[in-house]
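Residue-level structure breakdown
The chain contents come next:
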Amino acid sequence: MSQQALLWLEEHGDMLYAYALRRLSDAHQAEEAVQNTLLAALENASGYAGRASVSTWLVGILKYKIIDQIREQQRWHAPISQDEIEQSVGEDDLFSADGHWAHEPVEWSDPAQLLDRKQLQQRLERCLARLPRRMAQLIWLRQLQDEPAELVCQSLGISQANLYQLLLRARQTLRVCLSEGGQHAHLS
């Protein structure tokens, strides 16, 4: 490994690994994504113009490496099963027969303030870890990374109709899980 790659690994490796691990939920895949990122950065170091920080540039490369890995995974995995869809919370689980909340949602106050809290981030990570893997990937790519729907569908090999159905169920499940402190039983 070159001196430059070692320097980048030393200065940004932990941040890149944590970023990849949150999105891939697998330590080996996260390590592979970081390695591929550093190799790509070395190959294209002459293209780095310095307009952004090195960490921003590396994260930009890492995002594409993560998407590439997810695409590669999907070539070898079956489509999202009906069981995975049914494991998530549906509308029937959120409301009682008389149309009232089955579990009263917790008042969130100002969402922008809550996002800054470490506790909410930890809850979100726990809840995402309890989702079926591909549904968690959908949330990360579409909601948290704001990737275009077309790219997410292509990456995961699903239709847009399926994407929106899965996102709806995943959002509902996350809301319940977050309201219950990251301990929702339907997700395991």
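That block above? That's the structure.
These lines cover the structure that appears in this document, whether it is placed above or below.

Cut-offs applied
Residues numbered from 1 in each chain as written. Predicted model: local features only at pLDDT ≥ 70, side-chain atom pairs only at ≥ 80, totals over all residues. Heavy atoms only, no water. Disulfide = S-S within 2.5 Å. Helix = DSSP H or I, 4+ residues; strand = E, 2+ residues; numbered from the N terminus. Buried < 20%, exposed > 50% of the residue type's maximum accessible area, 1.4 Å probe, protein only. Expected span 1.5 Å × (residues − 1). Polar contact = N/O pair within 3.5 Å; in protein donor to acceptor, adjacent residues only side chain to side chain. Axes fitted to C-alpha atoms, helices over the stretch in contact; angles between N-to-C directions. Parallel < 35°, antiparallel > 145°, perpendicular 65-115°, else oblique. Contact = heavy atoms within 4.5 Å. Nonpolar A, V, L, I, M, F, W, Y, C, P; charged D, E, K, R; others polar. 1 Å grid on protein atoms, 1.4 Å probe; cavity = no way out; pocket = protein on both sides within 12 Å on 5 of 7 lines; lining within 4 Å. Points joined across faces, edges and corners; volume = space filled by probe spheres on them.

**Some words on the state of the cysteines**
- Taken as a whole and judged by the stated rule, the model has 1 disulfide.
- There is a disulfide in this structure between Cys127 and Cys177, and the S-S distance comes to 2.1 Å. Between Cys127 and Cys177 the sulfur-sulfur dihedral comes to about -90°; the bridge is accordingly left-handed. Taken together, the residues span a long stretch of sequence, with Cys127 in helix α7 (residues 118–130) and Cys177 in helix α10 (residues 160–179) at a distance of 50 residues.
- The exposure class assigned to Cys127 is buried, which follows from its relative accessible area of 0%.

**Here's the deal with helix α2 (residues 27–43)**
- Taking 1.5 Å as the rise per residue, α2 with 17 residues should run 24 Å; its terminal C-alpha atoms sit 24 Å apart, in good agreement.
- Along α2, the residues classified as buried are Gln29, Ala30, Ala33, Val34, Thr37, Leu38, Ala40 and Ala41.
- Taking the backbone nitrogen of His28 as reference, a side-chain oxygen 3.1 Å away marks Asp26 as the first, capping residue of α2.

**A few points about the packing of helix α8 (residues 133–144) against α10**
- Where α8 contacts α10, the two axes come as close as 10 Å, and the packing angle between them is 95°. As judged from the angle between their axes, α8 and α10 are roughly perpendicular. When α8 is examined against α10, the residues Met135, Leu138, Ile139, Arg142 and Gln143 are found in contact with a partner set consisting of Leu163, Leu166, Leu167, Arg169, Ala170, Arg171 and Leu174.
- Its residues placed into classes, the contact of α8 with α10 shows 8 nonpolar, 1 polar and 3 charged.

**Some details on empty space enclosed by the protein**
- Scanning all chains against the criterion turns up 2 cavities of 30 Å³ or more.
- Estimated volume of the largest cavity: approximately 40 Å³.
- The wall of the largest cavity is formed by Tyr19, Arg23, Lys63, Ile66, Ile67, Leu141, Gln145 and Glu147.
- Elements represented by at least two residues in the lining of the largest cavity include exactly α1 (3–24) and α3 (54–76).
- At 3 residues, α3 tops the list of elements feeding residues into the lining of the largest cavity.
- Of the residues that constitute the lining of the largest cavity, the class distribution is 4 nonpolar, 1 polar and 3 charged.
- In this structure, the second largest cavity spans a volume of roughly 30 Å³.
- Contributing to the lining of the second largest cavity are Arg23, Ile70, Gln137, Trp140, Leu141 and Gln145.

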